[in-house]
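What follows is the residue order along each chain.
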Amino acid sequence: MASSDKSRRVWRDVTVFDGDQTLEGLQAVIVEGDIFVDVLPMADTDAALLDSGEDMGSGGVITPGLIDCHTHLVFGGNRAEEFEARLEGVSYEEVARRGGGILSTVNATRQASEDDLVASALPRLDALIADGVTTIEIKSGYGLDVEHEMKMLRAARRLGELRPIRVVTTLLGAHALPPEFKDDSDDYIDLVCNEMIPRAAAEGLADAVDVFCEKIAFSVSQCERVFKAANAYGLPIKAHAEQLSNLGGSAAAARHGALSADHIEYLDEAGIEAMREAGTLAVILPGAFHTLRETQQPPIEALREAGVPMAVATDANPGTSPLFQATLMLNLACTLFRMTPGEALAGMTAHGAQALGLNELGRVAPGQPADLCRWHIETPAELAYAVQPGRLAQRLYRGELTEG
Ligand code: NIG
Ligand code: FE
């Protein structure tokens, strides 16, 4: 190895999915420090260039580090009982109306200390890291009062300090109505707007603000109040919308400049048009669809035709998606929704990044940050085709080799 500069690394004879498409023929990938400097067809790469850095190996598939742009990874307790009740025919809405569902996780999360929350989330985070995730979004939303929401966000931030992964935090105060505010949902929205958002902004704990726009959660006009408050603090917004019914939450989110509308099984043409106009992404969450045994398909073909970019994420959470494997979502997005493997993979790379407002991430391209995965497979489609742990050969996070 003729390396004079130790920070220069070279992969050769690899197939590259660049965040958008699979490049034609075998490639050489060159990283310097924490930046991609070159992605070149092997045929055009001379030996001196290949020998100009540390030899990182050859063969397999290189993708951008995976981006899981929608998770609820921090929570207390579990919901196995609810899982069993739903198998007996009780719906997710009915569970929520009986005070279970999200509120049962709220009880367990309020009782947990910040350390407890970190400790219980770490194995789930490690599973995602071992599956190639280099950037993860983590929401609050199981505290539902100022102190417990801030505790959740601090726990999420700490996860990013404990492991080699970029954590993006989202305040989801408007996730469910806490018992203290029963019959006073407008007063609870006041608390979210006037106390939670200002506090999270002042302490730098939230990178974005999310809402759950649904009959069992908050109305469109209540969500719009949250969007305005977030925007006033310069925080980007997102929405859980059109998951169980069509209320028009996605269009409202788009009108307020949302980065993304997520779930969207019940999204209609007007919603798609509003998202297209505003540049709001669609976040597709096949894990929740699968777990809830939903039958209403998200409008994939219409989104595709309208040119609304689709991200794909785990929605990892104790209720609707207790599924802590990113590549499983690639498989489910294809099998359940007929997305192509390339669309699903773009959904967990370049489009996942865009759904977080991190447009520079999720790409293998000169000048972009060097988060990458090398996989023991021959074609990118294999990542979606087989659900098979153990295929991650190398994981580079901010230029540091963390696996392999
Ligand atoms: O993304 N839809 C609402 N929120 C979560 C589920 C949270 C839960 O059930 O604990 C979701 O599906
Ligand atoms: Fe969610």
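Please read these numbers as outputs of a predicted model, since none were measured by experiment. (Residues numbered from 1 in each chain as written. Chains lettered and ligands numbered in written order. Predicted model: local features only at pLDDT ≥ 70, side-chain atom pairs only at ≥ 80, totals over all residues. Heavy atoms only, no water.)

Only H70 (NE2), H72 (NE2), H240 (NE2) and D315 (OD) from the protein reach the iron ion (ligand 2) as donors, at distances of 2.1 to 2.3 Å. Read N to C, the donor residues that coordinate the iron ion (ligand 2) are spaced as H-x1-H-x167-H-x74-D. One end of the pair, H240, is in strand β10 (residues 238–241); the other, D315, is in the loop between β13 (310–312) and α13 (326–337), with 75 residues separating them in the sequence. This pair shows no difference in class: H240 is buried, exactly as D315 is. (Donors = N, O, S within 2.8 Å, 3.2 Å for Na, K, Ca; no water. Helix = DSSP H or I, 4+ residues; strand = E, 2+ residues; numbered from the N terminus. Buried < 20%, exposed > 50% of the residue type's maximum accessible area, 1.4 Å probe, protein only.)

Further remarks concern the side chain of N331. Within the secondary structure layout, N331 lies in helix α13. Side-chain polar atoms of N331 contact the backbone oxygen of Y385, separated by 3.3 Å. (Polar contact = N/O pair within 3.5 Å; in protein donor to acceptor, adjacent residues only side chain to side chain.)

This next bit is on the nonpolar core. Formed by 103 residues in total, the largest nonpolar core has its most connected members in V74, I136, L171, I197, V226, I284 and L303. For I136, the contacting residues outside a window of four places in its chain are D68, T71, L73, L125, L128, I165, R166, V167 and V168. (Core = buried A, V, L, I, M, F, W, Y, C linked by side-chain atoms within 4.5 Å. Contact = heavy atoms within 4.5 Å.)

Okay, helix α6 (residues 146–162) next. Helix length check: α6, at 17 residues, gives a terminal C-alpha distance of 25 Å against a target of 24 Å (1.5 Å per residue), a fit within 8%. Buried positions along α6 lie against α4 (102–111), α5 (114–130), β7 (133–139), β8 (166–174) and α7 (185–202). (Expected span 1.5 Å × (residues − 1).)

By nearness alone, 15 residues border ligand 1, and Y92, Y142, Q243, D315 and T320 come closest of all. Q243 is positioned such that a nitrogen or oxygen atom in its side chain is 2.6 Å from a nitrogen atom of ligand 1. In this structure, an oxygen atom belonging to ligand 1 sits 2.9 Å away from a side-chain N or O atom of H263. Protein chains bury 100% of the 330 Å² of accessible surface belonging to ligand 1 in isolation. Considering only residue class, the shell around ligand 1 consists of four nonpolar, nine polar and two charged. (Near = heavy atom within 4 Å. Areas by Shrake-Rupley, 256 points an atom, 1.4 Å probe, with all protein chains shown as cover. Nonpolar A, V, L, I, M, F, W, Y, C, P; charged D, E, K, R; others polar.)

This paragraph deals with the packing of α7 against helix α8 (residues 220–232). Relative orientation and spacing of two packed helices are given, respectively, by the angle between their axes and the distance between those axes. Running from N to C, α7 and α8 point in directions that differ by 10 degrees, and their axes come no closer than 10 Å. Relative to α8, the element α7 lies roughly parallel. Here S185, D186, I189, D190, V192, C193 and I197 of α7 lie close against α8, whose contacting residues are Q222, R225, V226, A229 and A230. Per-class residue counts for the contact of α7 with α8 are seven nonpolar, two polar and three charged. (Axes fitted to C-alpha atoms, helices over the stretch in contact; angles between N-to-C directions. Parallel < 35°, antiparallel > 145°, perpendicular 65-115°, else oblique.)

Take the side chain of E343 next. Turning to its location among the elements, E343 is positioned in helix α14 (residues 341–347). Within the local environment of E343, its side chain forms a polar contact with the side chain of R304, the two groups lying 2.6 Å apart.

With seven of nine residues buried, strand β1 (residues 8–16) is to be regarded as a mostly interior element. In terms of strand pairing, β1 meets strand β2 (residues 27–32) through five bridges, oriented antiparallel. Its bridge partner being in β2, V14 is matched across the sheet by Q27. Inspection of the sheet shows β1 paired to strand β4 (residues 54–58) by three bridges, in the parallel sense. Residue pairing for β4: V10 is matched across the bridge by D55. As paired elements, β1 and strand β5 (residues 61–64) share two bridges and run parallel to each other. Counterpart to V16 in the pairing with β5 is I62. (Pairing = 2+ DSSP bridges.)

Among the six residues that make up strand β15 (residues 392–397), six are buried, leaving the element largely enclosed by the rest of the structure. When strand β14 (residues 372–375) meets β15, the two strands line up antiparallel, connected through four bridges. Residue pairing in the sheet places R374 in a bridge with Q394 of β15. Both β15 and strand β16 (residues 400–403) contribute to a ladder of three bridges, which runs antiparallel. Bridge pairing links L396 to L401 in β16. The turn linking β15 back onto β16 is made up of two residues, and R398 within it adopts a positive phi angle of 50 degrees.

The residue L267 is located in the loop between β11 (260–263) and α10 (269–278) in this model. Using a relative accessible area of 8% as the deciding quantity, one classes L267 as buried. Spatially, the C-alpha atom of L267 lies 21 Å from that of A346, the residues being 79 residues apart in sequence. Beyond its immediate stretch of four places on either side in the chain, L267 contacts E242, S250, I272, M275, P299 and L303.

This next bit is on the pattern of salt bridges. Here the structure, examined in full by the defined rule, presents 21 salt bridges. Across the salt bridge formed by E137 and K139, the nearest N and O atoms sit 2.7 Å from each other. Classification of E137 by relative accessible area gives buried; the value is 0%. It is possible to trace a salt-bridge network through shared partners that takes in E114, D115, R154 and R158. (Salt bridge = Lys/Arg side-chain N within 4 Å of Asp/Glu carboxyl O.)

UniProt records the feature "binding site: Zn(2+)" (unreviewed entry) at H70, H72, H240 and D315, using the numbering of this structure. The annotated residues occupy 246 residues of the chain but converge on a single region, no pair of C-alpha atoms lying more than 12.2 Å apart. What H240 contacts, discounting residues up to four positions off in sequence, is H70, H72, K139, L172, D210, V211, F212, C213, D262, H263 and D315. Side-chain polar atoms of H240 contact the side chain of H70, separated by 3.0 Å. Judged by relative accessible area, D315 falls into the buried class, the value being 1%. (UniProt positions renumbered as here; feature names shortened; annotations may be inferred.)

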